[in-house]
Amino acid sequence: MADVRRVKLPGVGVLHTFVTDDGGKCGVITHRSGHSDLITFSDDADGADVKKVSLRLSEDEAHTLAELLGGTRITESLSALDQIPGLSIDWFTVDYDDHIAGQPLGDLGAKGVVGLTVVAVVRGDAANPAPSGDFKVFPGDTLVVAGSPEKVAKAFAWYRTGQLRHRSPVDAPPGS
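Only a predicted model underlies this, so the values are computations on that prediction, with no experimental measurement involved.

Caption draft 1: Up close: the sheet that holds strand β4 (residues 36-40). Read from one edge to the other, the open sheet built from 5 strands follows the order β1-β2-β3-β4-β5, with strand pairing classed as antiparallel. Every other strand in the sheet has two partners, leaving β1 (5-9) and β5 (53-57) as the edge strands with one partner each. The mean angle between the axes of side-by-side strands here comes to 20°, regardless of whether they run parallel or antiparallel. Relative to strand β3 (residues 25-31), strand β2 (residues 13-19) runs antiparallel, the two being bridged by 7 bridges. Along β3, the bridge assignment pairs Val14 with Thr30. Against the sheet, helix α1 (residues 59-68) touches β4 and β5, its axis set at about 110° to β5.

Caption draft 2: Layout of the packing of aromatic side chains. Overall, the coordinates contain 3 aromatic pairs when judged by the stated rule. With 5.1 Å between their ring centres and 50° between their planes, Phe92 and Phe156 make a pair best called tilted. Highlighted residues: Phe92 in strand β6 (residues 88-93) and Phe156 in helix α3 (residues 149-161), separated in sequence by 64 residues. Between Phe92 and Tyr159, the ring centres sit 5.4 Å apart and the planes meet at 50°, which makes this aromatic pair tilted. Of this pair, Phe92 sits in strand β6 while Tyr159 sits in helix α3; the two residues are 67 residues apart in sequence, bridging distant segments of the chain. Like Tyr159, Phe92 is buried.

Caption draft 3: Seen up close, the pattern of salt bridges. Under the criterion given, the structure shown has 2 salt bridges. Here Asp37 ties to Arg56 by a salt bridge, and the two come within 2.5 Å at their closest N and O atoms. Separated by 19 residues along the polypeptide, Asp37 in strand β4 and Arg56 in strand β5 bring together distant segments of the chain. Overall, the relative accessible area of 7% leaves Asp37 in the buried class. Across the pair Asp141 and Arg123 runs a salt bridge whose closest N-O atoms are separated by 2.7 Å. Of the two residues, Asp141 sits in the loop between β8 (126-129) and β9 (142-147) while Arg123 sits in strand β7 (residues 116-123), which places them 18 residues apart along the sequence. Classification of Arg123 by relative accessible area gives partly exposed; the value is 32%.

Caption draft 4: Spotlight on the sheet that holds β7. If you walk across this open sheet you meet the 4 strands as β6-β9-β7-β8, and the pairing is antiparallel. The open sheet has two free edges, formed respectively by β6 and β8, since each of these has just one partner strand. Sheet twist, expressed as the average angle between the axes of neighbouring strands with direction ignored, equals 20°. Pairing of β6 with β9 involves 6 bridges; the strand directions are antiparallel. Each bridged residue has a counterpart across the sheet, and for Phe92 the counterpart in β9 is Leu143. The sheet strands contacting α3 are β6, β7 and β9, and the helix crosses β6 at an angle near 10°.

What counts, and where the lines are drawn
- Residues numbered from 1 in each chain as written.
- Predicted model: local features only at pLDDT ≥ 70, side-chain atom pairs only at ≥ 80, totals over all residues.
- Heavy atoms only, no water.
- Pairing = 2+ DSSP bridges.
- Helix = DSSP H or I, 4+ residues; strand = E, 2+ residues; numbered from the N terminus.
- Axes fitted to C-alpha atoms, helices over the stretch in contact; angles between N-to-C directions.
- Contact = heavy atoms within 4.5 Å.
- Phe/Tyr/Trp six-rings, centres within 6.5 Å; stacked < 30°, edge-to-face > 60°.
- Buried < 20%, exposed > 50% of the residue type's maximum accessible area, 1.4 Å probe, protein only.
- Salt bridge = Lys/Arg side-chain N within 4 Å of Asp/Glu carboxyl O.

Right, here's the structure in full:
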């Protein structure tokens, strides 16, 4: 298996790169917005005559390409979970300017975001599954959350700004 390097691109997403057996340099930029860029690149040692390519892929196109290239079993399992109606599993990478940076996770349920679970906090190469509300989050951590798409969006807004969006009918019990 190729040695994959991961670099966080603040405000953009994550860049994964690797060098092929024949010396080619390949990368994928996964943007926070959901689309991806498939790129080839060069460095100073490659010379000026190396062609660079960038191909923008929608989320669906990226999934299709992954399937064509032989996606892993984990990817297949997560894809199956993504097809459960009303369930969203998403990753939030904490940046220095995010509200949650340096803070404990807290209890979003007490703030009105009921039905969302922080599945794990990934720090470096280690996962911290089912963290408690007093688990302190730092820049560079990745929060793995599960819930309805609306609840995930509210949690991400809280993590970024410390403020929740206005209550919507989805958040109110029937008859209120």
